[in-house]
2 protein chains.
Amino acid sequence: MENKTAVTALSALAQESRLAVFRLLVQNGPDGLNPGVIAEHLDIPLPTLSFHLKTLAQSGLVSTVQEGRFIRYRADMAAFNRLTDFLLEDCCGGELQRCATPNTDQ
Amino acid sequence: MENKTAVTALSALAQESRLAVFRLLVQNGPDGLNPGVIAEHLDIPLPTLSFHLKTLAQSGLVSTVQEGRFIRYRADMAAFNRLTDFLLEDCCGGELQRCATPNTDQ
DNA sequence: GCTATATTTTCATAATATTGGAACTATGGA
DNA sequence: TCCATAGTTCCAATATTATGAAAATATAGC
């Protein structure tokens, strides 16, 4: 993963409404949710939510499927895992036993 | 963890220089690094870096210890883990076997 | 005290993101 | 074909964030 890809994903999550949307989608797992349901659940106006869903989808953290008049949004867990792996890449220079005892020499 | 705390932490990471700083600190583990070394490593002007380090420290993802004229910055792995736990809280409504087979019904 | 080093703060400019009303598009059913 | 429903796009006002030069602070050693 590239630094810029990660910044895009983190920026997508770094906003109150979008974070709430993502967590709600995580909680709904493979079922996902429609914008209408999300808007009602989180009390966000639909145009505002649509803007945020677009941002999340473009970041890759959320996927979409059109189903007739409805659109199903889902959290993409694999994309999220790639993100956290990138953040922790080469943690403690690879000597993992040091990760287990942080701040030992404070 | 509160939604706002998480947004603050994610915002701290959602910037190219700060993300690079955080990853560098993760890689240096408990040893951490001084601003001077980080600035040289990432080629960021010190005032700009100082601004970003402050943002990271205020988010809780990075801790600081004054050591004479030097300041040691460290990644706070526990804080990071709290953040990811919050993001994945109640994943798939608690039925974890659903998490193992995402997008089954696509 | 003086000097060099390490780091932060101030501040003005520039860039970027968020909001939601109104208008628009697309689909399914009568 | 017409209507209701689901969702998006447009747009202009507002708010937030990043940048780095210059000045300030703080510590160590002489």
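As shown above, the structure is provided for reference.
Rules and cut-offs
Residues numbered from 1 in each chain as written. Chains lettered and ligands numbered in written order. Predicted model: local features only at pLDDT ≥ 70, side-chain atom pairs only at ≥ 80, totals over all residues. Heavy atoms only, no water. Helix = DSSP H or I, 4+ residues; strand = E, 2+ residues; numbered from the N terminus. Buried < 20%, exposed > 50% of the residue type's maximum accessible area, 1.4 Å probe, protein only. Least-squares fit on C-alpha atoms with pLDDT ≥ 70 in both. Contact = heavy atoms within 4.5 Å. Expected span 1.5 Å × (residues − 1). Buried area = accessible area lost by both parts, 1.4 Å probe. Polar contact = N/O pair within 3.5 Å; in protein donor to acceptor, adjacent residues only side chain to side chain. Nonpolar A, V, L, I, M, F, W, Y, C, P; charged D, E, K, R; others polar. Near = heavy atom within 4 Å. Salt bridge = Lys/Arg side-chain N within 4 Å of Asp/Glu carboxyl O.

Notes on the environment of A78(A)
Residue and element names in this part refer to chain A. By the element assignment, A78 lies in helix α5 (residues 77–87). By relative accessible area, A78 is classed as partly exposed at 42%. Separated by 77 residues in the primary sequence, A78 and M1 place their C-alpha atoms 13 Å from one another.

What to know about the relation of the copies chain A and chain B
Take chain A, turn it by 180°, move it 0.0 Å along the axis, and it overlays chain B with an RMSD of 0.0 Å. The two molecules are tied by a two-fold rotation axis, judged by turn and shift. A shared interface surface links the copies, since 97% of the contact residues of chain A are contact residues in chain B too.

Thoughts on helix α2 (residues 16–28) of chain B
All names here are of chain B. With 13 residues, α2 should reach 18 Å at 1.5 Å per residue; the first-to-last C-alpha distance of 19 Å fits that figure. Here α2 has its buried residues at R18, L19, A20, V21, F22, R23, L24, L25 and V26. Remark: G29 follows α2 within two positions and exhibits a positive phi of approximately 50°.

Points about the interface of chain A and chain B
Taken together, the contact pairs 39 residues of chain A with 38 residues of chain B. Taken over both partners, the interface formed by chain A and chain B buries close to 3,400 Å², and the fraction arising from carbon and sulfur atoms is 61%. Linking chain A to chain B there are ten residue pairs in polar contact (both at pLDDT 80 or more). Secondary structure elements with two or more residues in the side of chain A that touches chain B: α1 (3–13), α2 (16–28) and α5 of chain A. A class-by-class count of the residues in the side of chain A that touches chain B yields 19 nonpolar, eleven polar and nine charged.

Describing the protein's contact with DNA strand C
Looking at DNA strand C, there are 20 residues lining it, with R18(A), H52(A), R69(A), G36(B) and Y73(B) nearest. Among the atoms of DNA strand C lying within 4 Å of the protein, the sugar-phosphate backbone contributes 73%. Take S50(B): an N or O atom from its side chain is 2.9 Å from a phosphate oxygen of DNA strand C. Its residues assigned to classes, the surface near DNA strand C comprises nine nonpolar, seven polar and four charged.

What about the pattern of salt bridges?
All names here are of chain B. Counted under the stated rule, the structure contains six salt bridges over all chains. Close ionic contact of R72 with E67 constitutes a salt bridge, the shortest N to O distance being 3.0 Å. Classification of E67 as partly exposed rests on a relative accessible area of 32%.

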